[in-house]
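# An overview of the molecular structure
Each chain is listed here by its residues.
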Amino acid sequence: MSLGNIFDIAGSGMNAQSIRLNTTASNIANAESASSSINETYRARKPFFAVMHNEFLNVNKDNEFHSRGDEIGAGVEVKGIVESDAPLQPRFQPDHPLANEEGYVYYPNVNVVEEMTDMMSSSRSYQMNVEVLKTAKQMLQRTLMLGE
Amino acid sequence: MGSINFNNALGVHPDAMLLRGKRAEILANNLANSDTPGFKARDINFQAMLAKETQSGMAMSSTNSAHISGSSSQSNELLFRNPSQPSIDGNTVDTQLEQTIFSRNAMDYNSSFEFLNGKFKGLKSAIRGE
């Protein structure tokens, strides 16, 4: 039943967007987390998305969409979360308790403006998936009323 | 042929409804992947696919038994949407476009449902003879 698949697809979209929102929250919360060494400093985290391919769908030979090696994806998945390799911000703060011998403190490479736009984008995408889910639910509910 | 059977009575609407359901799935997948780098938006040609499902008009007629039966093979495919504003990461999902097509498809699904429901109501009242 293809309408049932929409629940999985929109659900995977909501899941991916909430992970993205989660990393954004983590990045913003740690935007000022100082550290005395480069290796221990927090780095901005970004999830990366990829199309999810449903293997169950692909073995279904009755579905004409797959007869030509074509396949509809089955939603979106988070392939992983990578740390940004943008340069950290060393600041000269000799009074800081975490300052190293040279008097430097390292701050994360979090770009707060970028994180805010990312947050808006992911919350909109989340809402969009909720709308898709709502519509699919209405379609299914109506179908159940057939013949009444 | 003239007697009442479900295929004659219901016409194109069950096929149309199934196809609308499948199309809703494709469009939902486009929307779920609106932030996936390199994802290409897909869609089907509804008219061509419906014509194929119902086998009306699109099939080639054979006048000799040696003829190879053929039908429009174009309609079978999942097509790619032509992007109006492709993004740098290779994603061609135009969110607002997909959203309008999705809601329009849902409306079309509902109208197919109404037609089908009307057919069933007609059959029911014919059976009751009221």
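For clarity, every value in this text was computed on a predicted model and none was experimentally measured. (Residues numbered from 1 in each chain as written. Chains lettered and ligands numbered in written order. Predicted model: local features only at pLDDT ≥ 70, side-chain atom pairs only at ≥ 80, totals over all residues. Heavy atoms only, no water.)

## Brief notes about the interface of chain B and chain A
Counting from both sides, the interface comprises 38 residues of chain B and, opposite them, 36 residues of chain A. Taking both sides of the interface into account, the surface hidden between chain B and chain A amounts to around 3,200 Å²; carbon and sulfur atoms contribute 61%. Counting across the interface, chain B meets chain A through two salt bridges. For Arg 20 of chain A, the salt bridge is made with Asp 35 of chain B, and the minimal N-O distance between the two is 3.0 Å. Connecting chain B to chain A are eight residue pairs in polar contact (both at pLDDT 80 or more). Of all the elements in the fold, those that place two or more residues in the side of chain B that touches chain A are helix 2 (13-32), helix 3 (46-54) and helix 4 (95-128) of chain B. Here the residues of the side of chain B that touches chain A are counted per class, giving 18 nonpolar, 11 polar and nine charged. (Contact = heavy atoms within 4.5 Å. Buried area = accessible area lost by both parts, 1.4 Å probe. Salt bridge = Lys/Arg side-chain N within 4 Å of Asp/Glu carboxyl O. Polar contact = N/O pair within 3.5 Å; in protein donor to acceptor, adjacent residues only side chain to side chain. Helix = DSSP H or I, 4+ residues; strand = E, 2+ residues; numbered from the N terminus. Nonpolar A, V, L, I, M, F, W, Y, C, P; charged D, E, K, R; others polar.)

## Notes on the packing of helix 2 of chain B against helix 3 of chain B
Residue and element names in this part refer to chain B. The geometry of helix 2 relative to helix 3 is characterised by a closest axis approach of 10 Å and an angle of 135° between their N-to-C directions. Between helix 2 and helix 3, the angle is such that the two are oblique. By crossing handedness, the relation of helix 2 to helix 3 is classed as right-handed. Where helix 2 approaches helix 3, its residues Asp 15, Ala 16, Leu 19, Arg 20 and Lys 22 are matched on the opposing element by Phe 46, Met 49, Leu 50, Glu 53 and Thr 54. Across the contact of helix 2 with helix 3, the residue classes break down as five nonpolar, one polar and four charged. (Axes fitted to C-alpha atoms, helices over the stretch in contact; angles between N-to-C directions. Parallel < 35°, antiparallel > 145°, perpendicular 65-115°, else oblique. Left-handed = near helix turned anticlockwise from the far one by under 90°.)

## Here we look at a nonpolar patch on the surface
All names here are of chain A. Side chains of Leu 21, Ile 28, Val 112, Met 116, Met 119 and Met 120 sit close together on the surface and give an oily, nonpolar patch of about 460 Å² of accessible area. For the nonpolar patch, the secondary-structure elements that each account for two or more residues are helix 1 (2-29) and helix 3 (112-144). Looking at the nonpolar patch element by element, the count peaks at four residues for helix 3. As for its placement among the helices and strands, Met 120 is situated in helix 3. Relative accessible area serves as the criterion here: at 52%, Met 120 is assigned to the exposed category. (Patch = residues over 30% accessible without salt bridge, like charges linked within 9 Å, V, L, I, M, F, W, Y side chains within 5 Å. Areas by Shrake-Rupley, 256 points an atom, 1.4 Å probe, with all protein chains shown as cover. Buried < 20%, exposed > 50% of the residue type's maximum accessible area, 1.4 Å probe, protein only.)

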